[in-house]
Amino acid sequence: MNNAGWDAKENLIPFSPITDGEVIRSINSALIGNSKRTTSYKFVFFKSILDNLFNVDLNSDSEYFLGFDAISLRFAEIYWNLILRCKLRQMPENSDGKISAIERILFDFCEKYGYSIDETEFAFEGLRNAQQLELSEKIKKSVVTKYVLGAFCADTDWKFYHFSKPKKWHGIFISRDFFIVLAKYRSDFEKVNYFEWIKYLEGINKEEDSYMLASKLDKSTERENLNPYRKTLFEFGQTKCFYCGKNLGENAVDHFIPWSFVKDDKLWNFVLACPLCNSKKSDSLTSQDFLDNLRLRNEKLRKMNHDFVQREFKSYTFSKLALMYQNAVFNGYRCGWMPGGRDAR
Ligand SMILES: [Zn+2]
């Protein structure tokens, strides 16, 4: 970790044009680093940004906004699931029984609400909304904006994003060039991040093997309960499989762009599908026709006067959905999937 940056108050150095290669070099060197690490914050922060690419506001020419609330909520979710659910330690033992700030916050929170630290096995999504927000707010103040924001910015040579504490900005303004490259090489960045993070965790959690660690990191932001999405789409009147048109009895909810690529759940990326299409499509992308159908579906859906729908559509634009679809293809996701039974429609 570049210790020079952690207490920086702001970065307002103007962005100059930067090539794909330079962005990749900059991120890789921030993640790989040479100095000895004492926390995993950097990896979690970077994962929080990657997992939030769907939520970045693209309505500007040169820099794109991502709020601290979104970053911190993801940060809270990852650490809750890794520390409390998977029991992964985040700091070497023997340093005078010291624990990291993030562990302290989580343990205090558990004590406050009477959750046992040793026996809490439910996922972050099991917490009530207000509790999720309380925890994420605390983490935002005491970890994300305190220790990580400046350090990661320094590690990327102040070229990744702008931020300002004195101006009380509520998030980071990501350089457009960086955003484009992050989205384009998303899977590769994720792998480098996981690899370095696993090396760090292996040194602390001796009994864990890398394969198990990789799957724990990857699943740390996976929702188990997709019912709100299923229910809303059904209420909206989607009674047929989005892909084959069959009437839905027992409906399954499907990430149009696979979850394994976007690592996010947004209503506008969900469709209802019959179990057969759901399992056959799996981690593939459909043909372009279905992307057009989803555009039309979303135009109608976003008009629904429903709090949940309005919240979910806050960061939606079709061009972002289309960009992520193309990037998933670029990242190696098989595209052109069609349901077998489509002719029978
Ligand atoms: Zn179907």
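Computed from a predicted structure; not experimentally measured.

Remarks on the side chain of S48
Part 1 of the reasoning: By the secondary structure assignment, S48 is in helix α2 (residues 41–50).
Part 2 of the reasoning: Of the polar contacts made by the side chain of S48, one reaches the backbone oxygen of V44; its length is 2.8 Å.
Part 3 of the reasoning: Once you skip the residues sitting within four places of it in the chain, S48 turns out to touch I71, R74, F75 and I78.

Structural notes on the pattern of salt bridges
Part 1 of the reasoning: For the structure shown, the criterion picks out 25 salt bridges.
Part 2 of the reasoning: With its nearest N and O atoms 3.3 Å apart, the salt bridge here joins D20 to K184. Within this pair, whereas D20 is found in helix α1 (residues 20–32), its partner K184 is found in helix α6 (residues 176–184), the two being separated by 164 residues in sequence.
Part 3 of the reasoning: Using a relative accessible area of 24% as the deciding quantity, one classes K184 as partly exposed.
Part 4 of the reasoning: A salt bridge links R295 to E299; the shortest N-O distance between them is 3.4 Å. Placement of both R295 and E299 in helix α12 (residues 288–301) is noted, with a separation of four residues, approximately one turn of the helix.
Part 5 of the reasoning: Taking the relative accessible area as the measure of exposure, R295 reaches 28% and is therefore partly exposed.
Part 6 of the reasoning: With a relative accessible area of 39%, E299 lands in the partly exposed category.

Parameters at a glance
- Residues numbered from 1 in each chain as written.
- Predicted model: local features only at pLDDT ≥ 70, side-chain atom pairs only at ≥ 80, totals over all residues.
- Heavy atoms only, no water.
- Helix = DSSP H or I, 4+ residues; strand = E, 2+ residues; numbered from the N terminus.
- Polar contact = N/O pair within 3.5 Å; in protein donor to acceptor, adjacent residues only side chain to side chain.
- Contact = heavy atoms within 4.5 Å.
- Salt bridge = Lys/Arg side-chain N within 4 Å of Asp/Glu carboxyl O.
- Buried < 20%, exposed > 50% of the residue type's maximum accessible area, 1.4 Å probe, protein only.

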